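So you can see what is in the structure, the chains are spelled out below.
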2 protein chains.
Amino acid sequence: MLNSLLSTQNIFNSSKELLSWIQRRNQEVSVDIQRIPFNELEDWYVDDEGGIRHETGKFFSIQGIHVETDFGTKHSWDQPIINQPEVGYLGILTKEIQGTLYFLMQAKIEPGNVNCVQISPTLQATKSNYSRVHKGKRPLYLDYFLNALPHQILLDQLQSEQGARFLRKRNRNIIIKVDDEIEVLEDFRWMTLGQIKELMQTSNKVNMDTRTVISGIEYSDYLTPLFNKEKMSPFGRDMLFSSMHENGLFSMNNHLSWLSNLKAKYDLFVTNKPVNDLEEWELSADELSRHDGQFFRVIGVNVSISNREVKSWCQPLVEPMQEGLCAFIIKKIDGVYHFLVQAKLECGNFDVMELAPTVQCLTGNVLKSKVRPPYVDFVLNAKKESTIYDALQSEEGGRFYHEQNRNMLIEVGDDFSTEVPFNYTWMTLKQLYSFLKFNNFLNIQSRSILAAIKYV
Amino acid sequence: MLNSLLSTQNIFNSSKELLSWIQRRNQEVSVDIQRIPFNELEDWYVDDEGGIRHETGKFFSIQGIHVETDFGTKHSWDQPIINQPEVGYLGILTKEIQGTLYFLMQAKIEPGNVNCVQISPTLQATKSNYSRVHKGKRPLYLDYFLNALPHQILLDQLQSEQGARFLRKRNRNIIIKVDDEIEVLEDFRWMTLGQIKELMQTSNKVNMDTRTVISGIEYSDYLTPLFNKEKMSPFGRDMLFSSMHENGLFSMNNHLSWLSNLKAKYDLFVTNKPVNDLEEWELSADELSRHDGQFFRVIGVNVSISNREVKSWCQPLVEPMQEGLCAFIIKKIDGVYHFLVQAKLECGNFDVMELAPTVQCLTGNVLKSKVRPPYVDFVLNAKKESTIYDALQSEEGGRFYHEQNRNMLIEVGDDFSTEVPFNYTWMTLKQLYSFLKFNNFLNIQSRSILAAIKYV
């Protein structure tokens, strides 16, 4: 694993070839997305209450909810949300070749992606997909995952998706290691982890599903006394060091108590409400949107593409009305990198609050408003030399239309105060990983930034 | 903490005095519980759908749900459930006195307890209690918990209650250590942890709330090189040894993957359904019960007692129709005790499945049925010499009327197979604690048995 992390050498495909492969696939594939009214969405219907559902009752639906909470400044609101109660597979198949672990990645088209073709896990399938509700082809490589033995499983976690858009949605993030000869099918390539992370340094090459799966890999698990840290960059060594520190400025018991207190103190009540009755929202023939045009809208599209299981289909997509910003501030405290973590309440969260990046907000409104979330201005004015990572990344292209967030990692110096607001704290990378592996603690935005950390 | 665990000496109250104190309180206190029709429950009403609610909208309510799952043999059913969305406090105040940690425990009356007076935490308060919805007295010692500083908090977890009876209910389990002089009020006594565990060896002396709080204490956290293990019983030493083993027959990664797989594979859909429409249930003037008289019923009672915050009140209570059995099988594997753990789906679970004891079932029906859950017969026929623990313990006496479960800990020998059904596995005590502290993994029945383990 560590060889793979540190290697951008690949006996099959150089990084340059991979990049041009993605670009070529983007040019070759014809993707046609047409907006159509909801009542022309084949296999979908608008129910009596204004909810948008698939005729099989499977896949996902757009429903209305009413939210009440005593956290934050807004205590009550209505909104539509994506309800997808099935747990899907996000699986990466790996194989050790000449001492390095290779990841079998796919150039996958998702209708909503910026850059339609992005690097995706080997397997990306909802239960409806693999139980073949849509009568398409059986997902490729599925059986390797269904038949994986315990010793072949390197990672296996249930992780959440966007809590502001999905109602308690989770995916099974899984990495397996096989010894079999693997046929590399069209649209698939072997990559090292180092290469995936390299591709992630630029915008919109690696999809959200890949990012969430690799975010869970705890590199310190793979450390052996023989490992030569000299191959790492100084920053990489410092990150590895942080990923070995169980205790930092605070102990895990401090963090658990901090989070128990916040979850106990603040209520989140989410109740179903007919879409037709949602305050400040309106369902027209071809969109479900807010009167003030803010946040997001739901649209209907007809998608035609060439190398997916189903070549043409209709579906609703969620289109954001502004871009987002997700940034972690990190700071060395006693020589150990600490992440400034925020406990954030979002209406679709499985457990009230999840651990979010220091800054997670929409940019359009926020920049005009006088009351801004903590650290937004600091992050947006960060100097280039303290910006370790800065790229735009797409959210799940199967549900969101051109939704991208700016992902940033900003290092601050000794002069940056460790005093933080009550729902923020400082965690070592090890502490973040401890939460991560017990499911539903780190939100997708946090995980996306962790995935981007390079060690070379 | 370890001194307290191993000490049944107490400079304030001997164990004998404590026992007679509980017995005396049980005799002194007059408790009168009258069954009354629902429409005579003061401050409560039956809503249009048959739900039973408090007029303030606070405390708890009895609602109907419809459950669908593809796990187990019964795939669909209706039932009433207790909905109590607030997170309550279960707090124990401790203080180090002459090198030993003392726990400030209360002789508390709960209307539903077998033995009305049982040992309870220092503080046991719902949000409605401490925000004074019922206009009673402010809970005693509350401020110590509200004002606790991080270094005073020894344990702070959100833990679930009975998943078959409560809809996603959780409590904040908290232990704090203070240095102040503490006034010991009437009905309170200082006890060592060893004494609490000693009281737990007999039936119905220590209430459920105490058991859940102390179950979370990870003794190996308090080990120092100077600690003299000779003070422990051989069994206690073996348990401590198990609580230090991160890896056993399986690794934590194996367990996390096993649980991810089960949670992803099985669906649990719980939807609201009017009580009036619940299949197989009937709401009459004075009870909500099943046609076949099984499982449980909801009744209305008028309670009059003498030393609670409110002296007389009405409330609904849930009365079980048969007793339950909760038993852990433990086995030494390579010299380390392993617990045979079951992943159990219950309709009110926060996250589909929780880790339950080897056996957790009702006894009445089960013993008559031909298809019995795994290990039931084995446990009921266990020999006396392999039965480490066997006592009846009451569930939450504020919600349940005379509900008690037989709690057992059974040791098996080498001849007991480690091959187990797909939803069972073997965990060391350390692994159980690792899950326990990340909330909502171990169910209340598991935690109750862990709490009973004696180390002297």
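For the structure itself, look to the data block above.
First, a word on scope: everything that follows refers to the structure included in this document. As the structure is a computational prediction, the values presented were derived from the model and not from experiment.

### Comments concerning empty space enclosed by the protein
Tallied over the full model, the rule gives five cavities of 30 Å³ or more. Reported here for the largest cavity is a volume of approximately 180 Å³. Lining the largest cavity are 15 residues; nearest its centre among them are A:N253, B:L154, B:L155, B:Q157 and B:G216. The set of elements that each furnish at least two residues to the lining of the largest cavity consists of helix 8 (252-265) of chain A together with strand 10 (153-160) of chain B. Per-element tally for the lining of the largest cavity: the top contributor is strand 10 of chain B, with five residues. Its residues assigned to classes, the lining of the largest cavity comprises seven nonpolar, four polar and four charged.

### Here we look at the nonpolar core
Formed by 166 residues in total, the largest nonpolar core has its most connected members in A:F339 and B:F339. Setting aside chain neighbours within four positions, we find B:F339 in contact with B:M239, B:F328, B:I329, B:I330, B:L409, B:T425, B:W426, B:M427, B:L429, B:L432, B:L450 and B:I453.

### Overview of the relation of the copies chain B and chain A
Rotating chain B by 180° and translating it 0.0 Å along the rotation axis places it on chain A, where the RMSD comes to 0.0 Å. Expressed as an axis order, the relation between the two copies is that of a two-fold axis. Residue B:F438 of chain B places its C-alpha closer to the rotation axis than any other residue of that unit, at 3.4 Å. A shared interface surface links the copies, since 100% of the contact residues of chain B are contact residues in chain A too.

### Observations regarding the packing of helix 8 of chain A against helix 11 (residues 429-436) of chain A
In helix packing, the relevant descriptors are the interaxial angle and the interaxial distance, both defined with respect to the helix axes. Residues and elements named next belong to chain A. In contact at an axis separation of 11 Å, helix 8 and helix 11 are set at 55° when each is read in the N-to-C sense. In terms of axis orientation, helix 8 runs oblique to helix 11. Relative to helix 11, helix 8 is oriented so that their crossing is right-handed. Across the interface between the two elements, M252, H255, L256 and L259 of helix 8 pack against Q431, S434 and F435 of helix 11. Among the residues forming the contact of helix 8 with helix 11, the class breakdown is four nonpolar, three polar and no charged.

### A closer look at the pattern of salt bridges
Residue and element names in this part refer to chain A. If you walk through the whole model with that rule in mind, you get 44 salt bridges over all chains. In this structure, E218 engages K430 in a salt bridge whose closest nitrogen and oxygen atoms are separated by 3.3 Å. In this pair, E218 is assigned in the loop between helix 6 (208-215) and helix 7 (234-242) and K430 in helix 11, connecting sequence segments 212 residues apart. Looking at E218, the relative accessible area reads 6%, which means it is buried.

### So, the packing of aromatic side chains
Counting across every chain of the model gives 42 aromatic pairs over all chains. Summarising the aromatic geometry, the rings of A:Y141 and A:Y144 are spaced 6.3 Å apart at their centres and angled 35° between planes, so their arrangement reads as tilted. Taking relative accessible area as the criterion, A:Y144 reaches 27% and is therefore assigned partly exposed. With centroids separated by 6.3 Å and ring planes inclined at 40°, the aromatic side chains of B:Y266 and B:F422 adopt a geometry described as tilted. Here the residue B:Y266 occupies a position in the loop between helix 8 (252-265) and strand 13 (268-272), and B:F422 occupies one in the loop between strand 23 (404-412) and strand 24 (424-428), the gap between them amounting to 156 residues. With relative accessibility at 51%, the residue B:F422 sits in the exposed group. Each residue in the set A:F435, A:F438, A:F441, B:F435, B:F438 and B:F441 is aromatic and connected to the rest through ring pairs, giving one cluster. The ring of A:F166 has A:K169 lying over it, and the distance from NZ or CZ to the ring centre is 5.0 Å. Between A:R170 and the ring centre of A:F350, over which it is positioned, the NZ or CZ distance is 4.1 Å.

### A closer look at unusual backbone geometry
Look at A:N115: it is not a glycine, yet its phi comes out positive at around 60°. In this fold, A:N115 is placed in the loop between strand 7 (100-109) and strand 8 (117-120).

### Quick look at the interface of chain B and chain A
Contacts between the two partners involve 35 residues from chain B, matched on the other side by 35 residues from chain A. For the pair chain B and chain A, the number of links is two salt bridges. The salt bridge partner of A:R170 is B:D351, with a shortest N-O separation of 2.6 Å. In this assembly, chain B and chain A are joined by eight residue pairs in polar contact (both at pLDDT 80 or more). Looking at the side of chain B that touches chain A, the elements with two or more residues in it are strand 10, strand 11 (170-177), helix 8 and helix 11 (429-437) of chain B. Its residues assigned to classes, the side of chain B that touches chain A comprises 15 nonpolar, nine polar and 11 charged.

Rules of the game
Residues numbered from 1 in each chain as written. Chains lettered and ligands numbered in written order. Predicted model: local features only at pLDDT ≥ 70, side-chain atom pairs only at ≥ 80, totals over all residues. Heavy atoms only, no water. 1 Å grid on protein atoms, 1.4 Å probe; cavity = no way out; pocket = protein on both sides within 12 Å on 5 of 7 lines; lining within 4 Å. Points joined across faces, edges and corners; volume = space filled by probe spheres on them. Helix = DSSP H or I, 4+ residues; strand = E, 2+ residues; numbered from the N terminus. Nonpolar A, V, L, I, M, F, W, Y, C, P; charged D, E, K, R; others polar. Core = buried A, V, L, I, M, F, W, Y, C linked by side-chain atoms within 4.5 Å. Buried < 20%, exposed > 50% of the residue type's maximum accessible area, 1.4 Å probe, protein only. Contact = heavy atoms within 4.5 Å. Least-squares fit on C-alpha atoms with pLDDT ≥ 70 in both. Axes fitted to C-alpha atoms, helices over the stretch in contact; angles between N-to-C directions. Parallel < 35°, antiparallel > 145°, perpendicular 65-115°, else oblique. Left-handed = near helix turned anticlockwise from the far one by under 90°. Salt bridge = Lys/Arg side-chain N within 4 Å of Asp/Glu carboxyl O. Phe/Tyr/Trp six-rings, centres within 6.5 Å; stacked < 30°, edge-to-face > 60°. Lys NZ or Arg CZ within 6 Å of the ring centre and 35° of its normal. Polar contact = N/O pair within 3.5 Å; in protein donor to acceptor, adjacent residues only side chain to side chain.

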